[in-house]
Amino acid sequence: MGGYFSKNFPNLTISTSGGVTNSGSITLLDDLVGMDLMTSGLTGTVTVQVSYQESTAPTDWFNLQSAGASVVLAASGAVTINPSVYRSLRVQAASTEASPRTVYVMGQVYV
């Protein structure tokens, strides 16, 4: 008989390089029911991106949309993604951050 369990996923890091910056990705989201992304100290726009594949190819990523608008992370905010049907997730910063920023990721899985 299955059940729901909370799981800490690897953190996503936004570097300080100039221009558009992509974090690493989290993959193998098959049993994920929902996910929370928590941030602090962001100074620019950070968009959540998803992929239907476990891939790093630039053409495989799409901005996650909710009610017709891209899902963005705010400084000291949290975003819940529920349910998740994607294979990979990452965040994309539209501009340079003053120092590396961490996006904390927690999910609920069904096993």
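Before any of the text, the structure's been laid out above.
The text that follows walks through the structure, step by step, so that each part is easy to find. The structure presented is a predicted model; accordingly, all values stated were derived computationally and were not measured.

The next subject is the nonpolar core. Counting residues in hydrophobic clusters, the biggest one holds 23 residues, and the most contacted among them are Phe9, Met35, Leu37, Val48, Leu73, Leu89 and Val91. Among the secondary structure elements, those contributing two or more residues to this core are β2 (12–14), β5 (32–39), β6 (46–51), β11 (78–81), β12 (88–93) and β13 (101–110). In this structure, Leu73 is in contact with Leu37, Thr39, Leu42, Val46, Val48, Val79, Val91 and Val103, ignoring residues within four places of it in sequence.

Another aspect to go through is the environment of Ser23. Examined against the element boundaries, Ser23 turns out to sit in the loop between β3 (21–22) and β4 (26–27). Along the backbone, Ser23 and Ala93 are 70 residues apart, and their C-alpha atoms lie at a distance of 8.2 Å. Each residue touching Ser23, except ones within four places of it in the same chain, is listed here: Leu12, Thr13, Arg90 and Val91.

Peptide bonds are, in most cases, trans, and in most cases residues other than glycine have a negative phi. Look at Ala67: it is not a glycine, yet its phi comes out positive at around 55 degrees. Mapping Ala67 onto the fold places it in the loop between β8 (65–66) and β9 (69–70).

All right, on to the pattern of salt bridges then. Tallied over the entire structure, the rule returns 2 salt bridges. Put simply, Arg87 and Glu54 hold a salt bridge, and the shortest N to O gap is 2.3 Å. Highlighted residues: Arg87 in the loop between β11 and β12 and Glu54 in the loop between β6 and β7 (62–63), separated in sequence by 33 residues. On the basis of relative accessibility, which here comes to 28%, the residue Arg87 falls in the partly exposed class. Take Glu54: its relative accessible area is 40%, and that puts it in the partly exposed class. As a salt-bridge pair, Glu97 and Arg101 come within 3.1 Å of each other at their nearest N and O atoms. Each member of the pair Glu97 and Arg101 is classed as buried.

Quick notes on the rules
Residues numbered from 1 in each chain as written. Predicted model: local features only at pLDDT ≥ 70, side-chain atom pairs only at ≥ 80, totals over all residues. Heavy atoms only, no water. Core = buried A, V, L, I, M, F, W, Y, C linked by side-chain atoms within 4.5 Å. Buried < 20%, exposed > 50% of the residue type's maximum accessible area, 1.4 Å probe, protein only. Helix = DSSP H or I, 4+ residues; strand = E, 2+ residues; numbered from the N terminus. Contact = heavy atoms within 4.5 Å. Salt bridge = Lys/Arg side-chain N within 4 Å of Asp/Glu carboxyl O.

Geometric descriptors of this kind do not, in isolation, establish any biological role.
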